[in-house]
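# Observations on the model geometry
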Amino acid sequence: MKRSWLQRIKLRQIVTVFLVALVFIVSTAMQVQAEPVTPEATSYQVDRVDSQGRPKAEKLREETEKAEKLLEEEGYKPATKTAAEKAQANNKGFFENVKEKLNLDEPIDPGTKQAAEQLKEAVTGE
């Protein structure tokens, strides 16, 4: 049986419409996968942050320095300095105790030095 040209045109149109629809569906699915998952990824712009963020950061830094100067003039120490001083005072005794218990002031035993040299030779292959 021979098909007429009318039947062939309809078959071609059906196949074309099917392929176009398939391409449309696949491209839509690809776009859905390409969208960012988090809101930060859609709103983060490097140029905007760089151009507007620097003046704000500099202004905040200047205000912080002014506030620190005012507090120091009134006799207050920054919390980080105070905390560091307390930690050093508390840990002095602890470190001295550990140093004493581990005998860190004594020289290294010659046998230990030889063992370390032998291990080093074995590893490097000299």
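Residues numbered from 1 in each chain as written. Predicted model: local features only at pLDDT ≥ 70, side-chain atom pairs only at ≥ 80, totals over all residues. Heavy atoms only, no water.

## Observations regarding the overall build of the chain
Of the regular secondary structure elements, the chain holds five helices and zero strands. The order of α-helices and β-strands along the chain, N terminus first, is α-α-α-α-α. As displayed, the chain has an accessible area near 12,500 Å², and 59% of this comes from carbon and sulfur atoms. (Helix = DSSP H or I, 4+ residues; strand = E, 2+ residues; numbered from the N terminus. Areas by Shrake-Rupley, 256 points an atom, 1.4 Å probe, with all protein chains shown as cover.)

## A word on helix H5 (residues 110-124)
For the α-helix, the turn length of 3.6 residues means that residues three or four positions removed from each other point alike. Helix length check: H5 (15 residues) gives 21 Å between terminal C-alpha atoms against 21 Å at 1.5 Å per residue, within 8%. Gly 125 lies just past H5 and shows a positive phi near 80°. (Expected span 1.5 Å × (residues − 1).)

## Here's the deal with a negative patch on the surface
A grouping of Glu 58, Glu 62, Glu 63, Glu 65 and Glu 68 is seen on the molecular surface, where their side chains present a negatively charged patch. Turning to its location among the elements, Glu 63 is positioned in helix H3 (residues 46-73). On the accessibility criterion, Glu 63 (43% relative accessible area) is partly exposed. (Patch = residues over 30% accessible without salt bridge, like charges linked within 9 Å, V, L, I, M, F, W, Y side chains within 5 Å. Salt bridge = Lys/Arg side-chain N within 4 Å of Asp/Glu carboxyl O. Lys, Arg positive; Asp, Glu negative; His and termini not counted. Charge placed at Lys NZ, Arg CZ, Asp CG, Glu CD. Buried < 20%, exposed > 50% of the residue type's maximum accessible area, 1.4 Å probe, protein only.)

## A closer look at the confidence of the model for the chain
Averaged over every residue, the pLDDT of the chain is 76; the share at 70 or more is 70%. Put simply, helix H2 (residues 39-43) is where the chain has its lowest mean pLDDT, 61, and H5 is where it has its highest, 88. (pLDDT = per-residue confidence, 0-100.)

## Details of a nonpolar patch on the surface
Among the surface-exposed residues, Leu 11, Val 15, Phe 18, Leu 19, Leu 22 and Val 26 lie close enough to one another that they form a single nonpolar patch of about 540 Å² accessible area. With respect to the element layout, Leu 22 can be found in helix H1 (residues 5-34).

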